[in-house]
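Next come the chains, spelled out residue by residue.
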Amino acid sequence: MPDRRPSIEAAFRIAKERYGELGVDAERAMDLLRAIPISLHCWQGDDVGGFESADAALGGGLAVTGNYPGKARTPDELRGDLEKALSLIPGKHRLNLHASYAETGGRKVDRDQLEPAHFEGWIAWARGQSMGMDFNPTFFSHPKADDGFTLSHPDPEIRGFWVEHGKVCRRIGAAIGKALGTPCVTNVWIPDGFKDVPVDRKGPRERLAGALDEIFAEPLDPRHNLDAVECKLFGIGSESYVVGSHEFYLGYAAARKKLLCLDAGHFHPTEVISDKISSVLLWVEELLLHVSRGVRWDSDHVVTLTDELQAIAQEIVRGGYLPRVHIGLDYFDASINRVAAWVIGTRCMIKALLLALLEPIAILRRLEADGSFTQRLAMQEEAKTLPWAAVWDYYCLREGVPAGEAWIAEVERYERDVLSRR
Ligand code: RNT
Ligand code: ZN
């Protein structure tokens, strides 16, 4: 392999000059990019399996397809795989963990009994990687979620169990945030809903509101834990009615001062979350994003550099929202190498942010203000072919990770040496 460093450096010098002509500072863009963490979802590494029991079936209307060999079977394997992925991704990121990834030392600990101690392994690992962490109660893949209802369940005993799970998870979130010195975003998503048309849409929503209020009753230091709630339009088995709909959670987050989580796959197929960011942030202090890629439905495909991904990044950057938006990934593909899935999706998210940071925004804003819409459209299209890839390669080099396609061979090697032996 030829040493690409000299040509990458030369290309960067030319690109930097070109961006300078348009009033864009490429060095500054890279400095800003470096400070944006992406929260990597642990669940891409093992098909949302978790470590509670070897044979637990995935519930909650979530579906992972594919049987690519080599999925992580233990916390150590999952952490090893994450380390491999992180070594191929520029910048400092975060880990997004589900409660079902608890380490209970072989003991059965039900979800309402979980404690920070069960996550010490993860916290120590994250500290070693100088990473922050985010957290999620797991309201699915559990016998008490089998009939499709959790926090809105009509049976107060089952509802109470899940309320307790929510409460202990917030405390775990706070312990994580305190230990790592950066707030942990603890995100509530529940699968509750009906396959077919209900006659009572109101009751479950009233129960969910009450259950959430119970979960959030204990005040926690926002320097340690931030609460988020995630809305959804439909799921497998909840096609006709989802209790925690968009309107439900937008209202709840605004009224109760919680973060709203927008998942890119949770709306009508032609509806986009990029357009929602500037509306929601008028009424809600902070947002959590679950960046995903739906194909025809909420299929959770690996994130790629689509128009919508670019639009999401543009909205965050243009709006000056970086301090108010937490960016997380949410997809699960078991049909390809899972480490590569993390690397592809995360690198694409970072590329989209870089593109947004390199936008000749002053020029575009002036054209819009002047009503020069022909020139605005022309300039938007010209901006797409500016030499941003030269800045991307240089950024990878600067951050000590492979530039261009060089990372693929490293994943192949890892598959040969580690994954294929599982
Ligand atoms: C499900 C939600 C939720 C899950 C994860 C595993 O539709 O998007 O965020 O994907 O909690
Ligand atoms: Zn999600």
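Our subject is the structure that appears above.
Note that the structure is a prediction, hence the values are computed from the model and not measured.

Visitor: How do you make sense of the overall build of the chain when you look at a structure like this?
Guide: The helix and strand inventory of the chain stands at 14 helices and 12 strands. A compact globule built from 422 residues would reach a C-alpha radius of gyration of about 22 Å, and the chain, at 22 Å, matches this within 12%. Dimensions of the chain, computed from C-alpha atoms along their principal axes, come out at roughly 65 × 55 × 40 Å. In the chain, buried positions account for 52% of the 422 residues. The long-range share in the chain, meaning contacts at least 24 apart out of those at least 6 apart in sequence, stands at 81%.

Visitor: Before we go on, may I ask you to explain the site of ligand 1 in this structure?
Guide: All residues in the neighbourhood of ligand 1 are listed as Trp 43, Leu 62, His 98, Trp 189, Glu 230, Lys 232, Asp 263, His 266, His 290, Asp 298, Asp 330 and Phe 332. At a separation of 2.8 Å, an oxygen atom of ligand 1 approaches a polar side-chain atom of Glu 230. Asp 263 has a polar side-chain atom sitting 2.9 Å from an oxygen atom of ligand 1. Protein contact buries 99% of the 310 Å² of open area that ligand 1 shows by itself.

Visitor: Sorry if this is basic, but what is going on with the coordination of the zinc ion (ligand 2) here?
Guide: Six octahedral donors around a metal ideally subtend angles of 90 or 180 degrees, whereas four tetrahedral donors ideally subtend 109.5 degrees. Donor atoms from the polypeptide that coordinate the zinc ion (ligand 2) comprise Glu 230 (OE), Asp 263 (OD), His 290 (ND1) and Asp 330 (OD), at 2.1 to 2.2 Å from the metal. Of note is the zinc ion (ligand 2), whose six donor atoms meet at the metal with angles of 72 to 169 degrees in an arrangement that counts as octahedral. Ordering the donors of the zinc ion (ligand 2) by residue number gives the pattern E-x32-D-x26-H-x39-D. A residue pair is termed long-range when its members are at least 10 positions apart, and Glu 230 in strand β6 (residues 225–230) and His 290 in strand β9 (residues 287–291) qualify at 60 residues. Each member of the pair Glu 230 and His 290 is classed as buried.

Visitor: Is there a simple way to explain the packing of helix α10 (residues 338–357) against helix α13 (residues 388–398) in this structure?
Guide: How two helices sit against one another is set out by the angle between their axes and by the gap between those axes. Packing of α10 against α13 brings their axes to within 10 Å, and their N-to-C directions diverge by 125 degrees. For the element pair α10 / α13, the angle class is oblique. Here α10 runs over α13; the crossing is right-handed. On α13, the residues touching Arg 347, Ile 350, Lys 351, Leu 354 and Leu 355 of α10 are Trp 388, Val 391, Trp 392, Tyr 395 and Cys 396. Classifying every residue of the contact of α10 with α13 by side-chain character gives eight nonpolar, no polar and two charged.

Visitor: I'm lost on the packing of aromatic side chains in this one. Help?
Guide: The geometry of an aromatic ring pair comes down to the distance between the two centres and the angle between the two planes. Within the structure shown, the criterion is met by 13 aromatic pairs. Judged by centre distance (6.5 Å) and plane angle (35 degrees), the rings of Trp 392 and Tyr 395 are tilted. Of this pair, Trp 392 and Tyr 395 are both found in helix α13, three residues apart, which corresponds to roughly one turn of the helix. Owing to a relative accessible area of 1%, Tyr 395 belongs among the buried residues under this scheme. Among the aromatic residues, those joined into a ring-pair cluster are Phe 216, Phe 248, Tyr 249 and Tyr 252. Over the aromatic face of Phe 216 sits the side chain of Lys 258, whose NZ or CZ is 4.5 Å from the ring centroid.

Visitor: Sorry, what's going on with helix α11 (residues 361–369) here?
Guide: An α-helical turn contains 3.6 residues, so a residue and the one three or four places further along point in the same direction. The set of residues buried in α11 consists of Ile 363, Leu 364 and Leu 367. Looking straight down α11, one finds its buried side chains confined to an arc of 95 degrees; they lie on one side. Exposed positions of α11 whose direction lies more than 90 degrees from the buried face are Ala 362 and Ala 369. In the core, the buried residues of α11 are packed alongside α12 (373–384). One or two steps after α11, the chain reaches Gly 371, where phi turns positive at roughly 75 degrees.

Visitor: Explain the pattern of salt bridges here, please?
Guide: Side chains bearing opposite charge may pair, as long as their charged atoms lie close to each other. Scanning the model with the defined rule gives 28 salt bridges in all. Linking Arg 79 and Asp 76 is a salt bridge whose minimum nitrogen-to-oxygen distance equals 3.1 Å. Placement of both Arg 79 and Asp 76 in helix α3 (residues 75–86) is noted, with a separation of three residues, approximately one turn of the helix. The exposed category is assigned to Asp 76, whose relative accessible area is 58%. A salt bridge links Asp 213 to Arg 256; its shortest N-O distance comes to 2.8 Å. With Asp 213 in helix α6 (residues 202–215) and Arg 256 in helix α7 (residues 246–256), the pair connects residues that are 43 residues apart, well separated along the chain. A cluster of three or more residues bridged by salt bridges with shared partners is formed by Asp 31, Arg 34, Arg 398 and Glu 399.

Visitor: Is there a simple way to explain the packing of helix α1 (residues 5–21) against α13 in this structure?
Guide: Taken N-terminus to C-terminus, the directions of α1 and α13 make an angle of 130 degrees; their axes are 8 Å apart at the nearest point. It follows that α1 is oblique to α13 by the angle criterion. In this structure, the crossing between α1 and α13 has a hand that is left-handed. Along the contact surface, α1 presents Arg 5, Ile 8, Glu 9, Ala 11, Phe 12, Ala 15 and Tyr 19, while α13 presents Trp 388, Ala 390, Val 391, Asp 393, Tyr 394 and Leu 397. Tallied by class, the residues present in the contact of α1 with α13 amount to 10 nonpolar, no polar and three charged.

Visitor: Teacher, can you tell me more about the pairing of strand β3 (residues 132–136) here?
Guide: Moving residue by residue along a regular strand, the side chains alternate between the two faces of the sheet. Counting buried residues along β3, five of its five residues qualify, which places the element largely inside the surrounding structure. A two-sided burial pattern is seen for β3, the buried positions comprising Gly 132, Asp 134 and Asn 136 on one face and Met 133 and Phe 135 on the other. Two strands pair when backbone bridges link them, and strand β2 (residues 94–98) and β3 are joined in this way by five bridges, in the parallel orientation. Residue Asn 96 lies in a different strand from β3, and its bridge partner there is Asp 134.

Visitor: Can you help me understand α13 in this one?
Guide: Within α13, eight of the 11 residues are buried, which leaves the element mostly enclosed by the surrounding structure. Looking at the buried residues of α13, the elements they touch are α1, α2 (26–34), α10 and α12. The positive-phi residue at the C-terminal boundary of α13 is Gly 400, with phi of around 75 degrees.

Rules used in this analysis
- Residues numbered from 1 in each chain as written.
- Chains lettered and ligands numbered in written order.
- Predicted model: local features only at pLDDT ≥ 70, side-chain atom pairs only at ≥ 80, totals over all residues.
- Heavy atoms only, no water.
- Helix = DSSP H or I, 4+ residues; strand = E, 2+ residues; numbered from the N terminus.
- Rg over C-alpha atoms; globule rule 2.2 N^0.38 Å.
- Buried < 20%, exposed > 50% of the residue type's maximum accessible area, 1.4 Å probe, protein only.
- Contact = heavy atoms within 4.5 Å.
- Near = heavy atom within 4 Å.
- Polar contact = N/O pair within 3.5 Å; in protein donor to acceptor, adjacent residues only side chain to side chain.
- Areas by Shrake-Rupley, 256 points an atom, 1.4 Å probe, with all protein chains shown as cover.
- Donors = N, O, S within 2.8 Å, 3.2 Å for Na, K, Ca; no water.
- Tetrahedral: all angles 85-135°; square planar, octahedral: opposite > 155°, others 65-115°.
- Axes fitted to C-alpha atoms, helices over the stretch in contact; angles between N-to-C directions.
- Parallel < 35°, antiparallel > 145°, perpendicular 65-115°, else oblique.
- Left-handed = near helix turned anticlockwise from the far one by under 90°.
- Nonpolar A, V, L, I, M, F, W, Y, C, P; charged D, E, K, R; others polar.
- Phe/Tyr/Trp six-rings, centres within 6.5 Å; stacked < 30°, edge-to-face > 60°.
- Lys NZ or Arg CZ within 6 Å of the ring centre and 35° of its normal.
- Arc of directions from axis to C-beta.
- Salt bridge = Lys/Arg side-chain N within 4 Å of Asp/Glu carboxyl O.
- Pairing = 2+ DSSP bridges.

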